[in-house]
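Reading the structure
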Amino acid sequence: MFRKRRKKWIFFFKDLLLDTALNLSRVSMPGIELPRNETRADRVLFREENLAELTGQWRTFAVSEQIERIKNCCDPMTGKAIAERLGVLRQCLSEEEGPKMDISLDSLRAMRAFIEQIPDALLPQISLTAEGDVYLRWKSEPDRLFSIHFLDDRRVRFAIFYPNPRHLQMINRHSGYETIDTVLTSADRICAVREWITG
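Residues numbered from 1 in each chain as written. Predicted model: local features only at pLDDT ≥ 70, side-chain atom pairs only at ≥ 80, totals over all residues. Heavy atoms only, no water.

Along the chain, L122 turns up in the loop between α4 (105-117) and β1 (125-128). Discounting chain neighbours no more than four positions away, the residues touching L122 are T78, W138, W196, I197, T198 and G199. (Helix = DSSP H or I, 4+ residues; strand = E, 2+ residues; numbered from the N terminus. Contact = heavy atoms within 4.5 Å.)

With that settled, the discussion passes to the state of the cysteines. Counting across every chain of the model gives zero disulfides. In this structure C74 is not part of a disulfide, and its nearest cysteine sulfur, from C73, lies 4.4 Å away. (Disulfide = S-S within 2.5 Å.)

Attention shifts here to the pairing of strand β2 (residues 134-140). Side chains of β2 alternate between two faces, with V134, L136, W138 and S140 buried and Y135, R137 and K139 left unburied. Inspection of the sheet shows β1 paired to β2 by four bridges, in the antiparallel sense. Note that in β2 the partner of I126 across the bridge is L136. Hairpin connection between β1 and β2: a loop of five residues separates the two successive antiparallel strands, and G132 in this loop has a positive phi of roughly 95°. (Buried < 20%, exposed > 50% of the residue type's maximum accessible area, 1.4 Å probe, protein only. Pairing = 2+ DSSP bridges.)

Let's shift gears to the side chain of S104. Tracing the sequence through the fold places S104 in the loop between α3 (76-97) and α4. Other than its neighbours up to four places away in sequence, S104 contacts G132 and D133.

Another aspect to go through is the sheet that holds strand β3 (residues 144-150). Strand order in the open sheet formed by five strands is β1-β2-β3-β4-β5, and the pairing between neighbours is antiparallel. Because the sheet does not close on itself, it has two edges, and the strands there are β1 and β5 (171-179). Pairs of neighbouring strands in the sheet enclose a mean axial angle of 15°, with direction left out of account. Contacting β3, β4 (155-163) and β5, helix α5 (residues 183-191) crosses the sheet at an angle of about 15° to β4. (Axes fitted to C-alpha atoms, helices over the stretch in contact; angles between N-to-C directions.)

With 13 residues, α4 extends 19 Å from end C-alpha to end C-alpha; this agrees with the ideal 18 Å at 1.5 Å per step. If you check which residues of α4 are buried, you get L105, S107, L108, A110, M111, R112, F114 and I115. (Expected span 1.5 Å × (residues − 1).)

Structural measurements only, silent on function.
In structure tokens, the structure reads:
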């Protein structure tokens, strides 16, 4: 009996969510009407398509908002340059992977949270993975490199290259996984990275 009630509530909430999507779609896209002889399956499919459309519109807006907020989380010139570069990469991603593909919102949030920790950061090289994740690189001198890949809103993958202090002809490499709030501490412990990625 409990299972029947639970199943009934699941269908109730699903129908409620789909009805909400349909109502919102009619507000934002007037003139859309269902066929008169619709079946329940047609109605569900129509609502799910509109829900997906609304979700896509919200994500597009959220990504644009995050890019805009990056301008204010560090030096104004650097923030503006980062935002412009992300805009170009976003357009390229859309052209190469299709209009529904966009920068990962979680990755973008993580990048902003990281940059906020180093407001005097120098302008990094910026790229995107095929999945839309943000990837930053700072290069200092021929043999120093710090790269960071924002996997989601918390985890990052990083790599550091720097000359071996005792054998300058050799290059040390450290890499691993960290969280946004600890990666700089770990990188500083390895090679004082903060000193050569900030102005």
